[in-house]
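Fold and geometry: a report
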Amino acid sequence: MRIVENEKKPAVSVEELLDLLQAKKEKEARHPERQKSFFQSIPVATIILGLLIVALGAMVIILKSDIASLKNDITDLKNLKTQVAALDPKLQITTLEGKLEDFKKEREVIKGEVTQLRGEMEALKTDRKKGKK
């Protein structure tokens, strides 16, 4: 077994403890901890989230402009389609054939009127010859 000597330890007063505490605070006041910058105080996840939101906003704006240009292109294509349909040779041929048929009908009507006029002129000539004799 060990024999422990009982030594008398000096008694520490409250004033000494307060003096030591005060000295420690003064040392800490002389060497304060370095202040963190604004960017170091923000968590990395928050910074990444902010960048993602900004990137998403830019993508939405670009997508909106692309959609507007696509709508304009579709409108232009519809107009072009109607122009091509109007220039379609089959449609033009059909239209010309219809006009040709109308002209043939008018020609037949005119021939009939000319024949009638000739008949009336012959009748007038014969009436005149009869009237002179």
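Criteria and cut-off values
Residues numbered from 1 in each chain as written. Predicted model: local features only at pLDDT ≥ 70, side-chain atom pairs only at ≥ 80, totals over all residues. Heavy atoms only, no water. Helix = DSSP H or I, 4+ residues; strand = E, 2+ residues; numbered from the N terminus. Buried < 20%, exposed > 50% of the residue type's maximum accessible area, 1.4 Å probe, protein only. Areas by Shrake-Rupley, 256 points an atom, 1.4 Å probe, with all protein chains shown as cover. Contact = heavy atoms within 4.5 Å. Patch = residues over 30% accessible without salt bridge, like charges linked within 9 Å, V, L, I, M, F, W, Y side chains within 5 Å. Salt bridge = Lys/Arg side-chain N within 4 Å of Asp/Glu carboxyl O. Lys, Arg positive; Asp, Glu negative; His and termini not counted. Charge placed at Lys NZ, Arg CZ, Asp CG, Glu CD. pLDDT = per-residue confidence, 0-100.

The secondary structure content of the protein chain amounts to four helices and zero strands. Taken from the N to the C terminus, the helices and strands of the protein chain come in the order α-α-α-α. A buried classification covers 0% of the 133 residues belonging to the protein chain. Accessible surface computed for the protein chain: about 14000 Å², of which carbon and sulfur atoms make up 63%.

Okay, the environment of Gln-92 next. With respect to the helices and strands, the residue Gln-92 is situated in helix α4 (residues 89-132). Here Gln-92 falls in the partly exposed class, since its relative accessible area comes to 40%. Discounting chain neighbours no more than four positions away, the residues touching Gln-92 are Ala-86 and Leu-87.

Residues Glu-97, Glu-101, Asp-102 and Glu-106 make up a contiguous surface patch of negative charge. Inspection of the secondary structure puts Glu-97 in helix α4.

A contiguous nonpolar surface patch, about 300 Å² in accessible area, is contributed by Val-14, Leu-18 and Leu-21. Following the sequence through the fold, Leu-21 ends up in helix α1 (residues 14-30).

Below, the discussion takes up the confidence of the model for the protein chain. Chain-level statistics for the protein chain give a pLDDT mean of 84 and a share of 82% at 70 or above. Across the protein chain, helix α3 (residues 44-86) holds the top mean pLDDT of 93, while helix α2 (residues 38-41) sits lowest at 66.

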